[in-house]
Amino acid sequence: MRKSEPVDRHGQLWILAAVLLTLLPLLPRLTLEVGLVAGLPLLWQGWRLHAATPARPPNRVLLLVIAAVAVATTVARYGTAFGRTPGLALLAMLLGLKMLEARTRRDAHITIQLCFFVQLGYFLIEQSALTAVCALAACVLALTALLRVEQPDLLLKPALSGSARMVGIALPLAALLFVLFPRIDTPLWGMPTDGASATTGMSDRMRPGSIADLSLSGEIAFRVEFAGSPPPPAERYFRGPVMSQFDGLEWQARPAVRATSLPQGKRRIDYVITLEPHQNRWLFALEHATPREGQTLDAFNVLLAGAAIRSRVRAPITSYADAQIGLDAAPATLAVNLALPAGSNPRTAAFGAKLQQEQTAPADRVAAALRFLREGDFVYTLSPPRLGQNAADDFLFETRQGFCEHFANAFTVLMRAAGVPARVVAGYQGGEINPIDGTLVVRQSDAHAWSEVWLSERGWVRVDPTAAAAPRRIDGGLTASLPASDPIPGLVRIESQWLRTLRNRAEALSHTWNTWILGYTAQRQRDLFAGLGIDADWRNLTLGLVASGALWQAAVWIGMFRSRRRLTPSERSWQLLLRKLAQQGLVPAISEGPIAFAARAGTIHPEWQAALTDFAARYARLIYGPTASAEDAEALRIAITEWLARTF
């Protein structure tokens, strides 16, 4: 069929469905104005095709105006038309416009090819298992639309089965490409960063309320796979930035150099942590971690990656739970962790001085402060009253309501006032074991802050003042310690068992996908083939890819050949006749039988009417009649052959 032939109404409906399903997974990732501009052509096309008498398509000038609006919307929202998200947003808006002008088969082909390109663009934004499922479904529907455009009389079931068969043939080849294609450790290309994109997570600054805001998110921060049994909840402190500079309102981390000594102990914990991107180098390891290849440990005992974590990262880590750190802390370091701004939090300073007078040993001052928090009717909440300039004073002696950073801030100030070196540590505490795959899932809602104090005989010791006032926060997590009225994320507070099971299964599937598909790096490829005794050299991989691809292609062709039904002599004669008539522009429709086709062809060529009618009647009796003899089939073959020889 010629590419200039028009697409009928049903074909345009199929194209609309393909474009709609292609854009649906993408639109939630874009802004509202982009969605409105992209959805307008879809509504317009739906209205046109729904009308009893289809309206005329928009003229070129109007399409150019809408295209200009699409470009202006992209630039206004993202500041540029280039880059990952701006480019996909612009393409999503222009796809609908191309669909509006898809009047011929050539236009339909271009529109469907654009659908394939947009489906590929899904993976530039997110590479989850759900994204792959959406792309596969959209691809099948786009192939179905393409078949329907090329074969207008094709029914729904054959069209869907045909496109599904094509995808099924391609999937094994795609798997071979995935496993065997030589992988590299760096991206194949660079793209401009999106000015509108951002990643939320832990910060190296803290003031009362900052971590409470982070805890309102139910997103996963990282997952942990332990080599053995996971540690109890009271030991699940994942260490992030250590903050020792205090200006009276805000704590801030100091630049740190590499550690001069590594933690040593007997209680070794081996695990693999899978971190979501958070734009910093912290690996959020358990206390006290030792660096492996590509990792460093700073002087504050914080484990760091080699570069900022801008994509999902899997890192093997070893920690020693019983290690002691900071026994040889320098006097200058201790002085920094005793400093307080002059005149800030006077009531807390006075209370600290009193503790120092009453308790000679620093450990006793720590115990007295914890006893004050435990017996002082403090309330753990995400919605505390606002605090003034002297936040520690207001919290300890006035409101007595706060989140973990309120406790850590006030306790650390109190310890410094009592002459005990102290600092604030931010990170995550707790997490929930997923019973489906056994991984520990740590969410943003598990963000936590605690204190460390320095004792001469023990070095730096973790002290969690929140545990003194709200021990259920440590053992039971966020939901167990907060009142029901507090705004906890829905993914965290799920009371329905079947919903919780559904969430666990979805997250386990996502983790498996991230580990085995997205985590299939060059190193894992080398390890896979090394286990098979094969050198993962690019030459060997290329040779294996070519050979396995050829074998699969041969298997597909053999399967297609074996599945073909052998034609009878009558069918071969009829097919020969149809090929000769097709050269004259006479092609039977999908739903047209031999007798109907012969009648139509006879009206176009009256001189052939008698012969074609006779051939069709005899062929129909042989194919559909109760009996068919070899003599009749041979007679039909001879008659058709002789007629073709005389006529053509």
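Everything in this summary refers to the structure shown in the same document. On a predicted model such as this, the values are computed, not experimentally measured, just so you know.

### Considering the overall build of the protein chain
Turning to step 1, where the next piece is worked out: A count of helices and strands for the protein chain gives 23 helices and 17 strands.
Turning to step 2, where the next piece is worked out: Its C-alpha atoms give the protein chain a radius of gyration of 36 Å, clearly above 26 Å, the size a compact globule of 648 residues would have.
Turning to step 3, where the next piece is worked out: For the protein chain, with 648 residues in total, the buried portion stands at 43%.
Turning to step 4, where the next piece is worked out: Relative to all contacts within the protein chain whose residues are 6 or more apart in sequence, the contacts with residues 24 or more apart total 72%.
Turning to step 5, where the next piece is worked out: Here the protein chain displays about 33,000 Å² of accessible surface, and carbon together with sulfur accounts for 60% of that area.
Turning to step 6, where the next piece is worked out: Here the protein chain contributes 65 positive and 53 negative side-chain charges, whose respective centroids are spaced 6 Å apart.

### Considerations on the environment of Arg371
Turning to step 1, where the next piece is worked out: On the secondary structure map, Arg371 appears in helix 11 (residues 362–375).
Turning to step 2, where the next piece is worked out: On a C-alpha basis, the gap between Arg371 and Ala468 in space is 7.5 Å, while along the polypeptide they are 97 residues apart.

### Here we look at the pattern of salt bridges
Turning to step 1, where the next piece is worked out: In this structure the tally under the stated criterion is 24 salt bridges.
Turning to step 2, where the next piece is worked out: The residue Glu287 makes a salt bridge to Arg239 at a minimum N-O spacing of 3.5 Å. On the criterion of sequence distance, the pair formed by Glu287 in the loop between strand 6 (285–286) and strand 7 (289–290) and Arg239 in strand 3 (residues 237–246) is long-range, its members being 48 residues apart. Pair check on accessibility: Glu287 and Arg239 agree, each one buried.

### Section: the packing of helix 2 (residues 32–50) against helix 4 (residues 84–100)
Turning to step 1, where the next piece is worked out: As a packed pair, helix 2 and helix 4 sit with axes 9 Å apart at the nearest point and diverge in direction by 15 degrees. Classified by the interaxial angle, the pair formed by helix 2 and helix 4 is roughly parallel. When the axes of helix 2 and helix 4 are compared, the crossing they make is left-handed. Every residue of helix 4 that contacts helix 2 at Val34, Val37, Ala38, Pro41, Leu42, Trp44 and Gln45 is listed here: Ala89, Ala92, Met93, Gly96, Leu97, Met99 and Leu100.

### Comments concerning the pairing of strand 10 (residues 313–320)
Turning to step 1, where the next piece is worked out: Both strand 5 (residues 268–275) and strand 10 contribute to a ladder of eight bridges, which runs antiparallel. Looking at strand 10, one finds that Arg268 is bridged to Tyr320.
Turning to step 2, where the next piece is worked out: Pairing geometry for strand 7 and strand 10, over two bridges, is antiparallel. Counted as the bridge partner of Thr290 is Thr318 from strand 10.

### Regarding the nonpolar core
Turning to step 1, where the next piece is worked out: The biggest cluster of nonpolar side chains holds 75 residues, and the ones touching the most others in it are Phe222, Phe238, Phe411, Met415, Tyr428 and Val453.
Turning to step 2, where the next piece is worked out: Looking at this core, the element that brings in the most residues is helix 13 (residues 404–417), giving eight residues.
Turning to step 3, where the next piece is worked out: One finds Val7, Ala70, Val118 and Ala135 within the second-largest nonpolar core, a separate group that totals 29 residues.

### What to know about the pairing of strand 5
Turning to step 1, where the next piece is worked out: Note that strand 2 (residues 220–226) and strand 5 share five bridges and pair antiparallel. Pairing of Val224 across the sheet is with Ile273, part of strand 5.

### A few points about a nonpolar patch on the surface
Turning to step 1, where the next piece is worked out: Together, Val61, Leu62, Val65 and Val69 make up an exposed nonpolar region whose accessible area comes to about 320 Å².
Turning to step 2, where the next piece is worked out: The topology assignment puts Leu62 in helix 3 (residues 60–78).

### Observations concerning helix 6 (residues 129–150)
Turning to step 1, where the next piece is worked out: For helix 6, with 22 residues, the first-to-last C-alpha span of 32 Å sits near the 32 Å given by 1.5 Å per residue.
Turning to step 2, where the next piece is worked out: Looking at the buried residues of helix 6, the elements they touch are helix 1 (9–23), helix 5 (105–125), helix 7 (156–180) and helix 17 (497–518).

### Thoughts on the sheet that holds strand 7
Whether parallel or antiparallel, the strands of a sheet pair through hydrogen bonds between backbone atoms.
Turning to step 1, where the next piece is worked out: The six strands are arranged 7-10-5-2-15-14 in an open sheet whose pairing can be described as antiparallel. Each of the sheet's edge strands pairs with one partner strand only, and the pair in question is strand 7 and strand 14 (432–433).
Turning to step 2, where the next piece is worked out: Across four bridges, strand 2 lies against strand 15 (residues 440–443) in antiparallel orientation. Within the sheet, the bridge partner assigned to Arg223 lies in strand 15 and is Val441.
Turning to step 3, where the next piece is worked out: Against the sheet, helix 17 contacts strand 2, strand 5, strand 10, strand 14 and strand 15, and its axis sits at roughly 75 degrees relative to strand 2.

### Some details on the side chain of Glu507
Turning to step 1, where the next piece is worked out: Structurally, Glu507 can be placed in helix 17.
Turning to step 2, where the next piece is worked out: If near-sequence neighbours (up to four positions away) are discounted, Glu507 is found in contact with Ile220, Arg223, Asn434, Val441 and Arg443.

### Some thoughts on the packing of aromatic side chains
Turning to step 1, where the next piece is worked out: All chains considered together, the criterion is met by 23 aromatic pairs.
Turning to step 2, where the next piece is worked out: Relative to Phe648, the ring of Trp643 lies with its centre 6.0 Å away and its plane at 80 degrees, an arrangement referred to as edge-to-face.
Turning to step 3, where the next piece is worked out: For Phe648, a relative accessible area of 37% puts it in the partly exposed group.
Turning to step 4, where the next piece is worked out: Members of the aromatic cluster, each reached through a chain of ring pairs, are Phe351, Phe372, Phe378, Tyr380, Phe395, Phe397, Phe403 and Phe407.
Turning to step 5, where the next piece is worked out: The ring of Tyr78 has Arg77 sitting right over it, with the charged end atom 5.6 Å from the ring centre.
Turning to step 6, where the next piece is worked out: Over the face of the ring belonging to Tyr237 we find Arg462, whose NZ or CZ atom lies 4.0 Å from the ring centre.

What counts, and where the lines are drawn
Residues numbered from 1 in each chain as written. Predicted model: local features only at pLDDT ≥ 70, side-chain atom pairs only at ≥ 80, totals over all residues. Heavy atoms only, no water. Helix = DSSP H or I, 4+ residues; strand = E, 2+ residues; numbered from the N terminus. Rg over C-alpha atoms; globule rule 2.2 N^0.38 Å. Buried < 20%, exposed > 50% of the residue type's maximum accessible area, 1.4 Å probe, protein only. Contact = heavy atoms within 4.5 Å. Areas by Shrake-Rupley, 256 points an atom, 1.4 Å probe, with all protein chains shown as cover. Lys, Arg positive; Asp, Glu negative; His and termini not counted. Charge placed at Lys NZ, Arg CZ, Asp CG, Glu CD. Salt bridge = Lys/Arg side-chain N within 4 Å of Asp/Glu carboxyl O. Axes fitted to C-alpha atoms, helices over the stretch in contact; angles between N-to-C directions. Parallel < 35°, antiparallel > 145°, perpendicular 65-115°, else oblique. Left-handed = near helix turned anticlockwise from the far one by under 90°. Pairing = 2+ DSSP bridges. Core = buried A, V, L, I, M, F, W, Y, C linked by side-chain atoms within 4.5 Å. Patch = residues over 30% accessible without salt bridge, like charges linked within 9 Å, V, L, I, M, F, W, Y side chains within 5 Å. Expected span 1.5 Å × (residues − 1). Phe/Tyr/Trp six-rings, centres within 6.5 Å; stacked < 30°, edge-to-face > 60°. Lys NZ or Arg CZ within 6 Å of the ring centre and 35° of its normal.

So yeah, pure geometry; function would need other evidence.
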